[in-house]
Amino acid sequence: MPKQVSTFLMFEGNAEEAGRFYAELFGVDIEGLEHRDDGKVQAASLRIAGQRIMLFDSPVHHQFAFTPAISLFVDCDSVEEVDRLAAVLGEGGTVMMELGSYDFARRFTWLADRFGVSWQLRLA
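Predicted model only: the values in this text are computed from it and were never measured.

What counts, and at which threshold
Residues numbered from 1 in each chain as written. Predicted model: local features only at pLDDT ≥ 70, side-chain atom pairs only at ≥ 80, totals over all residues. Heavy atoms only, no water. Salt bridge = Lys/Arg side-chain N within 4 Å of Asp/Glu carboxyl O. Helix = DSSP H or I, 4+ residues; strand = E, 2+ residues; numbered from the N terminus. Buried < 20%, exposed > 50% of the residue type's maximum accessible area, 1.4 Å probe, protein only. Core = buried A, V, L, I, M, F, W, Y, C linked by side-chain atoms within 4.5 Å. Contact = heavy atoms within 4.5 Å. Phe/Tyr/Trp six-rings, centres within 6.5 Å; stacked < 30°, edge-to-face > 60°. Lys NZ or Arg CZ within 6 Å of the ring centre and 35° of its normal. Axes fitted to C-alpha atoms, helices over the stretch in contact; angles between N-to-C directions. Parallel < 35°, antiparallel > 145°, perpendicular 65-115°, else oblique. Left-handed = near helix turned anticlockwise from the far one by under 90°. Nonpolar A, V, L, I, M, F, W, Y, C, P; charged D, E, K, R; others polar.

K.L.:
Outline the pattern of salt bridges, listing residues and values.
P.N.:
All told, the structure shown has six salt bridges when counted by the stated rule. A salt bridge links Glu16 to Arg20; the nearest nitrogen and oxygen atoms lie 2.7 Å apart. Of the two residues, Glu16 and Arg20 are both situated in helix 1 (residues 15-26); the distance of four residues between them amounts to about one turn of the helix. Residue Arg20 is classed as partly exposed on the basis of its relative accessible area of 46%. Arg122 is the partner of Asp75 in a salt bridge, and the nearest nitrogen-oxygen pair spans 2.7 Å. You can see Asp75 sitting in strand 5 (residues 72-76) and its partner Arg122 sitting in strand 8 (residues 118-123), a full 47 residues away along the chain. Relative accessible area serves as the criterion here: at 26%, Arg122 is assigned to the partly exposed category.

K.L.:
I'd like to hear about the nonpolar core, residue by residue, with values.
P.N.:
Phe11, Tyr22, Leu55, Leu85, Leu89, Trp119 and Leu121 are the most contacted members of the largest nonpolar core, which totals 28 residues. Elements with a contribution of two residues or more to this core: strand 1 (7-11), helix 1, strand 3 (41-48), strand 4 (51-57), strand 5, helix 2 (79-90) and strand 8. No other element matches helix 1, which puts seven residues into this core. Residues contacting Tyr22, with those up to four places away along its chain left out, are Leu9, Phe11, Val28, Leu46, Leu89, Asp113, Phe115, Val117 and Trp119.

K.L.:
Describe the packing of aromatic side chains, with residues and values.
P.N.:
Scanning the model with the defined rule gives 12 aromatic pairs in all. Ring plane angle 70° and centroid distance 5.3 Å describe the contact between Phe11 and Phe66, whose orientation is recorded as edge-to-face. Residue Phe11 is found in strand 1, and its partner Phe66 is found in the loop between strand 4 and strand 5; the two are separated by 55 residues along the sequence. Among the aromatic residues, those joined into a ring-pair cluster are Phe11, Phe21, Tyr22, Phe26, Phe66, Phe115 and Trp119. Arg114 extends its terminal NZ or CZ atom over the ring of Phe21, reaching a point 4.3 Å from the ring centre.

K.L.:
Explain the packing of helix 1 against helix 2 residue by residue, including any values.
P.N.:
Interaxial distance between helix 1 and helix 2 falls to 11 Å at its minimum, and their mutual angle equals 165°. With respect to helix 2, the axis of helix 1 lies roughly antiparallel. Note that helix 1 runs across helix 2; the crossing there is right-handed. In this structure, helix 1 contributes Phe21, Tyr22, Leu25 and Phe26 to the contact, and helix 2 contributes Arg84, Leu85, Val88 and Leu89. Grouping the amino acids of the contact of helix 1 with helix 2 by side-chain chemistry returns seven nonpolar, no polar and one charged.

K.L.:
Quick rundown of the environment of Val95? Include the residues and the values.
P.N.:
Locating Val95 in the fold gives a position in strand 6 (residues 94-102). Here the alpha-carbon distance between Val95 and Trp119, two residues 24 residues apart in the chain, equals 9.7 Å. Setting aside its immediate chain neighbours within four residues, Val95 contacts Thr109, Trp110 and Leu111.

Given below as structure tokens:
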């Protein structure tokens, strides 16, 4: 059996900026921040609600980016928490499902943040 399964986010130069943004937003620390000689992130991670999210700057350009087909799904304890996360993550990003009430959730939104990472936020 695997020891651990983690979400791995590959950036092209802004992994540290994204990591600091997520760390501040969720009130967590960046762990194991390591840089390559070019100053880009070789390795870093965050733990959000126990889920390990790894961050990395690719040293080569790729013909792909993040896709909303995979997203970070966050269950929130309050309407205020959903709204706060939606406001901050949505700034400079793209909303795929407006913040509102749906048949499957009293409060929900699906968006991509300014880094292109997809998030689904739901009132638990």
